[in-house]
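Listed here are the chains, written in short residue letters.
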Amino acid sequence: SGTTSLLATVSVSLGTFAEMPVTYCDRAYEEVMTWTEKTKIKYAPNKKSGKSFFRYGKYMKAATVGEALRLGSYGLDLLFDFEKGLLWSTGGPKRERPPDVSKE
């Protein structure tokens, strides 16, 4: 399902960087991990630079989380962009609370 694929995408992205220190605030995890593929989102204008400018430019047009992922966003991008105020939820379905991934 879309919910599972979003969780898998974020989990895989997080797993890829397991050796790096975690730098995202709990609030970012708690919010982003409630989103589903159909959660509606809005991105801020592109003020990034370098390679990030071009990647962000591709997925910043997305209207849903699923669309952002299909356009090239990574799970870690969702966390980073939300925490930095570049991305926010505007409606649509969300989980009541983040899934417990500690048992997996």
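Remember, it's a predicted structure, so these values are computed and weren't measured experimentally.

Chemist: Looking at this structure, how should I read the confidence of the model for the chain?
Modeler: When pLDDT is low, close inspection of the predicted coordinates is not appropriate. In the predicted model, the chain carries a mean pLDDT of 83, and the fraction of residues at 70 or more is 77%. Helix H1 (residues 2-16) is the least confidently modelled element of the chain, averaging 47 in pLDDT, while strand S1 (residues 40-43) averages 98, the highest of any element. Low confidence marks residues 1-5, where pLDDT is under 50. Its contacts with residues over four positions away, or in another chain, come to 4 contacts.

Chemist: How should I be thinking about the environment of Leu86 in this particular structure?
Modeler: In this fold, Leu86 is placed in the loop between helix H5 (75-83) and strand S2 (87-91). C-alpha of Leu86 to C-alpha of Lys42: the two residues are 44 residues apart in sequence and 8.3 Å apart in space. With near-sequence residues (within four places) excluded, Leu86 lies in contact with Lys42, Tyr43, Ala44, Lys48, Tyr56 and Asp81.

Chemist: Please clarify how the nonpolar core should be interpreted in this entry.
Modeler: As a rule of thumb, nonpolar side chains are buried together in soluble globular proteins. Within the largest apolar cluster, 20 residues are counted, with the highest numbers of intra-cluster contacts made by Trp35, Ile41, Tyr43, Leu78 and Leu79. Mapped by element, the contributors of at least two residues to this core are helix H2 (26-32), S1, helix H3 (50-59), helix H4 (65-70) and H5. At 4 residues, the largest contribution of residues to this core is made by H5. Leaving out residues up to four positions away in the same chain, Tyr43 has contacts with Tyr56, Tyr59, Met60, Ala62, Ala68, Ser73, Leu78, Asp81, Leu86, Leu87 and Trp88.

Chemist: Got a minute to help me understand H3 in this structure?
Modeler: The α-helix winds at 3.6 residues per turn, so residues separated by three or four positions along the chain end up facing the same way. Buried within H3 are the following residues: Tyr56, Gly57 and Tyr59. Lining the buried residues of H3 we find S1, H4 and H5.

Chemist: What is the right way to read the side chain of Lys48 from this model?
Modeler: In this structure, Lys48 sits in the loop between S1 and H3. What Lys48 contacts, discounting residues up to four positions off in sequence, is Phe53, Tyr56, Tyr59, Phe80, Asp81 and Leu86.

Chemist: Is there a simple way to think about the packing of aromatic side chains in this case?
Modeler: One pair of aromatic rings is described through two measures. These are the centre distance and the angle between the planes. A full pass over the atoms with the stated rule returns 5 aromatic pairs. Both rings, one in Trp35 and one in Phe82, keep their centres 5.8 Å apart while their planes meet at 90°; by these two values the pair is edge-to-face. Within this pair, whereas Trp35 is found in the loop between H2 and S1, its partner Phe82 is found in helix H5, the two being separated by 47 residues in sequence. Across the pair, exposure class does not vary: Trp35 and Phe82 are buried alike. Here the aromatic rings of Tyr43 and Tyr56 are separated by 5.5 Å at their centres, their planes lie at 90°, and the arrangement is edge-to-face. You can see Tyr43 sitting in strand S1 and its partner Tyr56 sitting in helix H3, a full 13 residues away along the chain. With respect to class, Tyr43 is no different from Tyr56; both count as buried. The rings of Tyr43, Tyr56 and Tyr59 are connected pair by pair, giving a single aromatic cluster.

Calculation rules
- Residues numbered from 1 in each chain as written.
- Predicted model: local features only at pLDDT ≥ 70, side-chain atom pairs only at ≥ 80, totals over all residues.
- Heavy atoms only, no water.
- pLDDT = per-residue confidence, 0-100.
- Helix = DSSP H or I, 4+ residues; strand = E, 2+ residues; numbered from the N terminus.
- Contact = heavy atoms within 4.5 Å.
- Core = buried A, V, L, I, M, F, W, Y, C linked by side-chain atoms within 4.5 Å.
- Buried < 20%, exposed > 50% of the residue type's maximum accessible area, 1.4 Å probe, protein only.
- Phe/Tyr/Trp six-rings, centres within 6.5 Å; stacked < 30°, edge-to-face > 60°.

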